[in-house]
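# Geometric and topological summary
Below, each chain spelled out in residue letters.
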Amino acid sequence: MVLVCHDHKFIFLKTRKTAGTSIEMLLEPLCTPPGRTVTERTSGCASKHGIVGFRLLGEKTEPPSVWRSHMPAYQVRRELPREQWQTYRKLSCLRNPFDRSVSLFFWLRDAGGLPPFSSLDAARAAFRRFILEGNMKADKSIVHRKGKFILDGFIRFEALVSDTAEMAERLRLPVNAAEMPRSKDKTSRLSGIPVSDYFDTETARATCDQLAWMFEHGGYSRHPEDANARKPGKADPFFNLPRPQPA
């Protein structure tokens, strides 16, 4: 999905497995006429307030619409007037690439109706194939255009509420980050297993190569062990957003 807010002049570009749906649901009322109900699965909406792409309905069931989940930046730019693209703040969300890869792996299995693993060894073997076959959906096209990183700021998965609150303050958005909806919580991911336990030297290197832009712009460590604590990356997520003005 993608959000375009005319009233507050921002574009939200949705990356995978970064709490994007929860953030979308929080911000969606800013992009629609008053009174529209926000649901996890939703059809698209376009009005004087903004644009909401369809979410979790699937390409086959949704009436044809260009506005959809995980739209690459070049498509969003193509559909918007030049002035809006150039002046609206472009926002998204990031997550430690090692943690994201594990989460994406289990989410795709669940979406495909595959059974839970009977052991950690079986999960590791399947995960290793997943990584080395290049299935991590790098999402680079969502936040890059013509090879350039286009975001003005991002919310870190590991600091979801506090980053959302600060972003809302900087952009004067009338939302309460503490009331963020929870989405897609159910997963067959093995509980209590550290992120680093899924990786070996080869899969860690492949993750660093395939998701290089996330490590670079998010300031995340390239060592899987550092992902276990689920701490935010060291990069400034608000690098191109205005600082809050004193009252």
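Read on for an overview of the structure. (Residues numbered from 1 in each chain as written. Predicted model: local features only at pLDDT ≥ 70, side-chain atom pairs only at ≥ 80, totals over all residues. Heavy atoms only, no water.)

### Quick word on the packing of aromatic side chains
As enumerated under the stated definition, the model contains 14 aromatic pairs in all. Members of the aromatic cluster, each reached through a chain of ring pairs, are Phe98, Phe105, Phe106, Phe117, Phe127, Phe130, Tyr198, Phe199 and Phe215. It is lysine 90 that lies over the ring of tryptophan 85; its NZ or CZ is 4.7 Å from the centre. The cationic tip of arginine 95 hangs over the ring face of phenylalanine 157; the distance from NZ or CZ to the ring centre is 3.8 Å. (Phe/Tyr/Trp six-rings, centres within 6.5 Å; stacked < 30°, edge-to-face > 60°. Lys NZ or Arg CZ within 6 Å of the ring centre and 35° of its normal.)

### Let's talk about helix α1 (residues 20–27)
Within α1, eight of the eight residues are buried, leaving the element largely enclosed by the surrounding structure. For α1, every residue scored as buried is listed here: Gly20, Thr21, Ser22, Ile23, Glu24, Met25, Leu26 and Leu27. Residues of α1 that are buried in the fold lie against β1 (2–5), β2 (10–13), β5 (89–94), β8 (153–156) and α7 (160–171). (Buried < 20%, exposed > 50% of the residue type's maximum accessible area, 1.4 Å probe, protein only. Helix = DSSP H or I, 4+ residues; strand = E, 2+ residues; numbered from the N terminus. Contact = heavy atoms within 4.5 Å.)

### Points about the pairing of β5
With respect to burial, β5 is a largely interior element, five of its six residues being buried. Relative to β5, β2 is paired through three bridges, and the arrangement is parallel. Along β5, the bridge assignment pairs phenylalanine 12 with leucine 91. Sheet topology places β5 next to β8; four bridges connect them, and they run parallel. Within β8, the position partnered with leucine 94 by the bridge is arginine 156. (Pairing = 2+ DSSP bridges.)

### What to know about the sheet that holds β1
Read across the open sheet, the six strands follow the order β3-β4-β1-β2-β5-β8; overall the sheet is mixed. Both edges of this open sheet fall to β3 (45–46) and β8, since each of them pairs with a single strand only. Bridging between β1 and β2 involves four bridges; their strand directions are antiparallel. What sits directly across from valine 4, in β2, is isoleucine 11. Contacting β1, β2, β5 and β8, α1 runs over the sheet at an angle of about 155° to β2. Across the sheet, α7 is in contact with β5 and β8; its angle to β8 comes to roughly 155°. (Axes fitted to C-alpha atoms, helices over the stretch in contact; angles between N-to-C directions.)

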